[in-house]
Amino acid sequence: MFEVLDYAFMQRALLAALLIGFAAPAVGIYLVQRQQALMGDGIGHVALTGVALGFLLSANPVWMAVLVSTVGAVAMELLRSSGRARGDVALAMLFYGGMAGGVMIINLAPGGSTANLTSYLWGSVTTVSEADIAAICWLSVFVLVVTLGLRRQLFAVCQDEEFARVTGLPVRTLNLLLAVTAAATVTVAMRVVGLLLVSALMVIPVVAAQQATRGFVMTLVLAMVFGVLVSLSGTVTSYYADVPPGATIVLIALGLFLLVSLLALPLARSRARRQAVRDAAPVPEPAGAPGA
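This is a predicted model, so every value here is computed, not measured.

Engineer: Would you explain the overall build of the protein in this entry?
Structural biologist: Within the protein, the regular secondary structure consists of twelve helices and zero strands. The order of helices and strands in the protein, counted from the N terminus, is α-α-α-α-α-α-α-α-α-α-α-α. A total of 292 residues make up the protein; the buried ones form 46% of that total. Within the protein, contacts between residues at least 6 apart in sequence are counted, and of these 76% link residues at least 24 apart. When the accessible surface of the protein is totalled, it reaches about 14,100 Å², and 68% of it is carbon and sulfur.

Here it is, written out as structure tokens:
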């Protein structure tokens, strides 16, 4: 089992998977809360353009993807908040524009073809380099500092923007910060999970945790535990079974969601029965009321 640690590329892949497992659900919980679960997909398509630009300009594809996906995420948030385009329309523009731009630019790069994008689209444990690990570490620290350090403010904004604005919170700044954080998370995860599947790792652990917990903090903690569990187990499984890591991680996450849902079903029914009993109980009249 531990022979995977004998290989440097697997050490890098497992470290990347560990960081991704923490970071992706930490951002995903806010996207799920504000019903933007597919935002990661849109950013992933834009990041594809950044990867292609990295090949064209002979730059680091990870950092170029960070730059381009951040610009795209901020543009989408500005369009949404200004009312000039609905959230789904802005997301669609990210989807189509990002994919088309990536395919076009990679074919303009010297010796480039869509085959160069395969490991970024679906993930590959063997291609995680030391430079990638350095980028992933810095970006993961940024993501966790923002999502954990500002969890109260981000929760308030995602729950009710108008109420957050009335209380004096800088709503637009927080929304833009969340968009930048989501862009950083996508680029963190693309080397292992892949750009086309990263959104699943941001969403599925959160939805699974919601089946077993009720409070925001407990859901966040459990979602991060689930994220680490599926990321590490999927990476190890992909090594032994010689299958794509991104698809393996997502399928394990889906299996975990089904398992948690089945285990949580009796608990949910018990809560519903207790609530029904409380609702049906007669309300005692206050002392001294007429007829007492």
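Engineer: Looking at this structure, I do not really get the nonpolar core. What am I missing?
Structural biologist: If you look at soluble globular proteins, the nonpolar side chains tend to sit buried side by side. If you look at the biggest cluster of nonpolar residues, it comprises 77 residues, and the most contacted ones within it are Ile20 and Val193. Ranked by the residues each element gives to this core, the list is headed by helix 1 (residues 8-33), at eleven residues. One finds Val4, Met10, Ala13 and Leu14 within the second-largest nonpolar core, a separate group that totals six residues.

Engineer: Hey, could you run me through the packing of aromatic side chains in this one?
Structural biologist: With the rule as written, the count across this model stands at seven aromatic pairs. Here Tyr30 and Phe216 contribute two aromatic rings whose centre-to-centre distance is 5.7 Å and whose plane-to-plane angle is 50°, an arrangement assigned as tilted. Residue Tyr30 is found in helix 1, and its partner Phe216 is found in helix 11 (residues 216-241); the two are separated by 186 residues along the sequence. Like Phe216, Tyr30 is buried.

Engineer: Sorry, what's going on with the environment of Ala208 here?
Structural biologist: Its place among the elements puts Ala208 in helix 10 (residues 198-212). C-alpha separation for the pair Ala208 and Val260, spaced 52 residues apart in sequence, amounts to 6.3 Å. Setting aside anything within four residues of it in sequence, one finds Ala208 in contact with Phe226, Phe257 and Val260.

Rules behind the numbers
Residues numbered from 1 in each chain as written. Predicted model: local features only at pLDDT ≥ 70, side-chain atom pairs only at ≥ 80, totals over all residues. Heavy atoms only, no water. Helix = DSSP H or I, 4+ residues; strand = E, 2+ residues; numbered from the N terminus. Buried < 20%, exposed > 50% of the residue type's maximum accessible area, 1.4 Å probe, protein only. Contact = heavy atoms within 4.5 Å. Areas by Shrake-Rupley, 256 points an atom, 1.4 Å probe, with all protein chains shown as cover. Core = buried A, V, L, I, M, F, W, Y, C linked by side-chain atoms within 4.5 Å. Phe/Tyr/Trp six-rings, centres within 6.5 Å; stacked < 30°, edge-to-face > 60°.

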